[in-house]
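Residue-level structural notes
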Amino acid sequence: MLRLRAFRATNEKIVKIAVHPTHPWLVTADASDHVSVWNWEHRQVIYELKAGGVDQRRLVGAKLEKLAEGESVPKGKPTEAIRGGSVKQVSFFDDDVRFWQLWRNRSAAAEAPSAVNQLTSAFASPAPSTKGRHFLVICCENKAIFLDLVTMRGRDVPKQELDNKSLLCMEFLSRSSAGDSPLVAFGGSDGVIRVLSMMTWKLVRRYTGGHKGSISCLMTFMASSGEALLVSGASDGLLILWSADHGQDSRELVPKLSLKAHDGGVVAVELSRVIGGTPQLITIGADKTLAIWDTITFKELRRIKPVPKLACHSVASWCHPRAPNLDILTCVKDSYIWAIEHPTYSALTRPLCDLSSLVPPQVVAPNKKLRVYCMVAHPLQPHLVATGTNIGIIVSEFDARSLPPVVPLPTPAGSREHSAVYIVERELNLLSFQLSNTANPSLGNNGSLSETGKLKGDSLEPLHVKQIKKHISTPVPHDSYSVLSVSSSGKYLGIVWPDIPYFSIYKVSDWSIVDSGSARLLAWDTCCDRFVILESALPPKMPILPKGSSSRKAKEAAAAAAQAAAAAATAASANVQVRILLDDGTSNILMRSIGSRSEPVVGLHGGALLGVAYRTSRRISPGAATAISTIQSMPLSGFGSSGSFATFDDGFSSQRSPAEAVTQNFQLFSWETFQPVGSLLPQPEWTAWDQTVEYCALAYQHYIVICSLRPQYRYLGDVAIAYSTGAVWQRRQLFVATPTTIECVFVDAGIAPIDIETRKMKEEMKLKEAQARAVAEHGELALIAVEGSQTATEERITLRPPMLQVVRLASFQHAPSVPPFLSLPKQSKVDGDDATMLKEMEERKVNEIAVGGGGVTVAVTRFPTEQKRPVGPLIVVGIRDGVLWLIDRYMTVHALSLSHPGIRCRCLTAYGDAVSAVKWASRLGREHHDDLAQFMLGMGYATEALHLPGISKRLEFDLAMKSNDLKRALQCLLTMSNSRDIGQDNPGLDLNDILNLTAKKENLVEAVQGIVKFAKEFLDLIDAADATAQADIAREALKRLATAGSVKGALQGHELRGLALRLANHGELTRLSGLVNNLISLGLGREAAFSAAVLGDNALMEKAWQDTGMLSEAVLHAHV
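Residues numbered from 1 in each chain as written. Predicted model: local features only at pLDDT ≥ 70, side-chain atom pairs only at ≥ 80, totals over all residues. Heavy atoms only, no water.

Our focus in this paragraph is the overall build of the protein chain. In terms of helices and strands, the protein chain carries 26 helices and 59 strands. Residue pairs at least 24 apart in sequence account for 57% of intrachain contacts in the protein chain once pairs closer than 6 positions are excluded. For the protein chain, the exposed surface amounts to about 47,200 Å²; the carbon and sulfur share of it is 53%. (Helix = DSSP H or I, 4+ residues; strand = E, 2+ residues; numbered from the N terminus. Contact = heavy atoms within 4.5 Å. Areas by Shrake-Rupley, 256 points an atom, 1.4 Å probe, with all protein chains shown as cover.)

Next up, the structure:
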């Protein structure tokens, strides 16, 4: 559940840290002012820079660039040669950072009941100055460094450009209109905020008259009214609000509001999103307190001292489903990440984790204690928290597979309103959602530009969703981590609290409780209202630790490990019990204990079969052991007594050896007989069964295994989708969520020999049943009639391999874009060029849409651009109303469009409606029809794929052969080989015809070459026509092949022999004898003799041997 995701050891302490929202990049600054960019996924340093002094490599590089571009070297000192001084802040800035900063501010503001509806307006197009670039921005005391990580070109802005005042902090100001240059606000040592344009690199605005001390932190956010605001904190302890809207052209802006926040100065400010409420501001100060502020009244809601005697240096807003009550993370100079539970109520501070137990013991010197100096939570993946310490950078991962406590309910037939049930604190709520047609006029009209191609803003228009939250009067007994699930009929809702442990079953019609008890795990049968629980004895209650010193808490946390171990010991006696819910709403026990294994159960997986995972005895490495004890000792409701929970056992997969990681500890059981089915398998992280019980997906850490279940279990393949958290089947489509993407897997089992055997067995069984009925009714004589009526039609069933195709629907990243300086002429420094650049960009976008006949707009891309994935862990609801629904941890519903023809055609094909898929293909560019036809062929729709208008002749021939449309296959073959006009009247070409070709007969040569190229296809077509008694088609193909067979060297020996056999079979004796004579004249004695033998003419056979010099064969034949 808690594990070390990445670690990089450093010699100096890390004092500044920032994380990129979409790329796995961390930028850090150490105490010696060295800045480095680190890829924490691949464990690679991307870039290093000596920011405090003068970086000689950058200085030389800048001079060489200027010389290469022909610019004269300025007389003055270059900006790269200015000493940076102390690094005050590090950050990334690009299209992704800009988009997600704006998204965070807007989504937090939209939660308020009084929020303005226009808050979800579309994101503006990237500005030319950031398009395609990734800036690393370093705020130093003496200058600001802007370094493009794509081209490695830099721009240093000295403090002389900003009134010669030291730069202490910075924030990026969002611009609403497209093409506006990005702005960066710098907090100065004189209490003034200065705004720099990233286009002109000049000072454009000042915020004055607020602070008396030096500014320490800046942050933008959005009020519920939709107004963009900038908040600043300074050493004078004031928190000041400024307008960040850029409608005003004023160069001097005065404060909107000023309030005293902290004695001794404000250290940091953070925005907190509140479910169903106005956003809040969190500030930490030098007075060792943390304060929470309302953003409407700007009154103080709460003030606490998180860790007595120590001041906080970092704060982060947090929302993780595994710890639903923890809203704020903070750090002081000790080895813990601290969490604050219910900040506005009880405000209890608890250690979330001890980082010293995560890092390898050998990295920390014996006399050295780990200290945290900075911390940042990942803005889009809340399970990742990065900390800078005195020994290096630590990236911690907190249970990436935990999902929000929400579950969708089945939608009644004909209804367009869908619903889901979720838990917030101790309240059960109903969430109703549907598409808002008024806000989205293009819905359902998929020919519109807004849905088939790219839009203004380079991203698909988000679908507007109307959602309503209603409170359910039935109370919920606990507010800790919960897992919700619904029965197959949708009549019952199951909730389990693994940390308590406790479960409740609710009847959805009146929300009454029909069953409850002690259990850590619960899973449903997909075919019946049956469920299975892992019964548990109640573990000792975890004590709530009183406030005290950091070390005291650590000691008490360690002491609690013994209690957690005792709780884990009781897990061994837990039973897997099956219960059924009857129609009268009563719950009855079907089976008190499943399986005879002695190992404790660590996981239950519902579905068509019941999956039980057992804990295997294995040696645990010392590092993992200390981490386990840390987790078990976590004294908080979200993580307490988790030693018995399934995710606890899986969380250390990265620390296992490969041999241990594939332990076979997962057993499937029948729901009917409760007996094991098959042998032991490796334990999956989750399982998903489709509604028709035809397919099953088993997810592992780095891939997903897809299996077919009918007519018998069969492995189809696996797809390399790593770290998946959950999935939903929808008729041969598996929609998968990962922490960073949404994927769709199209699946078809194909046709295997076992399928044909099963089909024959079923037909034989039906025949026997019919005979038995006939005998019972009419006696033995009836068998004559029964057997006589059967016609022996031999249907050709071709085998088809399984098909798995993965399409990415959504991700966090912006669509890749080409920097303007690579795609356009050299950028001039005159601002007037902006309009030209924008015009060219817009023209490029328009060109991405082609208009077909009848005014139908056609998507020219094979698949749509990836849509924006909602932030954080997601519940995948599935497809309803033609869109894919998702619910995030804030209980907000999101809809992903599936309207792009490339996706819609595949979804319709997978659903079984291939006819509609062909109709929709008219909206897809014809160059993509071959690709779509191959997909339809893989799904088993060769006949329907033939109707796609844009398929190539080669593919059309293959499809026609597979769908037994041999007439069309012949036409394709004649067109491809250019032999339509050959072989009609002349039985073959003699040698003189070939040698005396005139210009008129050049097409004859082309035709022969074409026939030779497709000789195998001609033979296959002849065989297929013979098998289905279509003699006229076979004869037409034979004429062409016989013509080519008369040309020396045209056909291979085996092809000539096959041709002779087929000519004889069709009675084409004239052509066959002509072929023999031509082969003799060409010197192909062996093939001529074979053809003569097929013809049955012995004299001709001897003549063939004699005339081609094969005298020994001729003599031997004469003697015989």
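What follows covers the side chain of Arg 350. Along the chain, Arg 350 turns up in strand 26 (residues 348–354). Here the side chain of Arg 350 touches Glu 341 through a polar contact of 2.6 Å, side chain to side chain. (Polar contact = N/O pair within 3.5 Å; in protein donor to acceptor, adjacent residues only side chain to side chain.)

With that out of the way, let us pick up the packing of helix 16 (residues 953–962) against helix 17 (residues 966–977). Two elements in contact, helix 16 and helix 17, have axes whose closest approach is 8 Å; the angle formed by their N-to-C orientations is 155°. Classified by the interaxial angle, the pair formed by helix 16 and helix 17 is roughly antiparallel. At the point where helix 16 passes helix 17, the crossing takes the left-handed sense. Residues Lys 953, Arg 954, Glu 956, Phe 957, Ala 960 and Met 961 of helix 16 form the contact with helix 17, whose participating residues are Leu 966, Arg 968, Ala 969, Cys 972, Leu 973, Thr 975 and Met 976. (Axes fitted to C-alpha atoms, helices over the stretch in contact; angles between N-to-C directions. Parallel < 35°, antiparallel > 145°, perpendicular 65-115°, else oblique. Left-handed = near helix turned anticlockwise from the far one by under 90°.)

Attention shifts here to the packing of aromatic side chains. Tallied over the full model, the rule gives 16 aromatic pairs. Geometrically, the ring pair formed by Tyr 207 and Trp 242 is edge-to-face, given 5.4 Å between the ring centres and 75° between the ring planes. Of this pair, Tyr 207 sits in strand 13 (residues 203–207) while Trp 242 sits in strand 16 (residues 238–243); the two residues are 35 residues apart in sequence, bridging distant segments of the chain. One exposure class covers both Tyr 207 and Trp 242, and it is buried. Chaining the aromatic ring pairs together yields one cluster made of Phe 99, Trp 100, Trp 103 and Phe 812. The ring of Tyr 890 is capped by Arg 273, whose NZ or CZ atom sits 3.9 Å from the centre of that ring. (Phe/Tyr/Trp six-rings, centres within 6.5 Å; stacked < 30°, edge-to-face > 60°. Buried < 20%, exposed > 50% of the residue type's maximum accessible area, 1.4 Å probe, protein only. Lys NZ or Arg CZ within 6 Å of the ring centre and 35° of its normal.)

In this section: the side chain of Gln 381. Here Gln 381 shows up in the loop between strand 27 (372–377) and strand 28 (384–389). Gln 381 sits in the buried class, given a relative accessible area of 8%. Not counting the four nearest positions on each side in its chain, Gln 381 is found in contact with Pro 739, Thr 740 and Phe 812.

Attention now moves to helix 14 (residues 929–938). For helix 14, the tally of buried residues reaches seven of 10 residues, placing the bulk of the element in the interior. Of the positions making up helix 14, those classed as buried are His 929, Leu 932, Ala 933, Phe 935, Met 936, Leu 937 and Gly 938. For helix 14, the secondary structure elements touched by its buried residues are strand 52 (741–748), strand 53 (803–811), helix 12 (901–911), helix 13 (914–920), helix 15 (942–945) and helix 16.

Let's shift gears to the sheet that holds strand 41 (residues 587–591). With respect to topology, four strands assemble into an open sheet ordered 38-39-40-41, the strand pairing being antiparallel. Two strands close off the open sheet at either side, each with one partner strand: strand 38 (519–524) and strand 41. The mean angle between the axes of side-by-side strands here comes to 30°, regardless of whether they run parallel or antiparallel. Where strand 38 and strand 39 (residues 530–535) come together, five bridges link them in antiparallel fashion. The residue bridging Leu 522 from the neighbouring strand is Ile 533, located in strand 39. (Pairing = 2+ DSSP bridges.)

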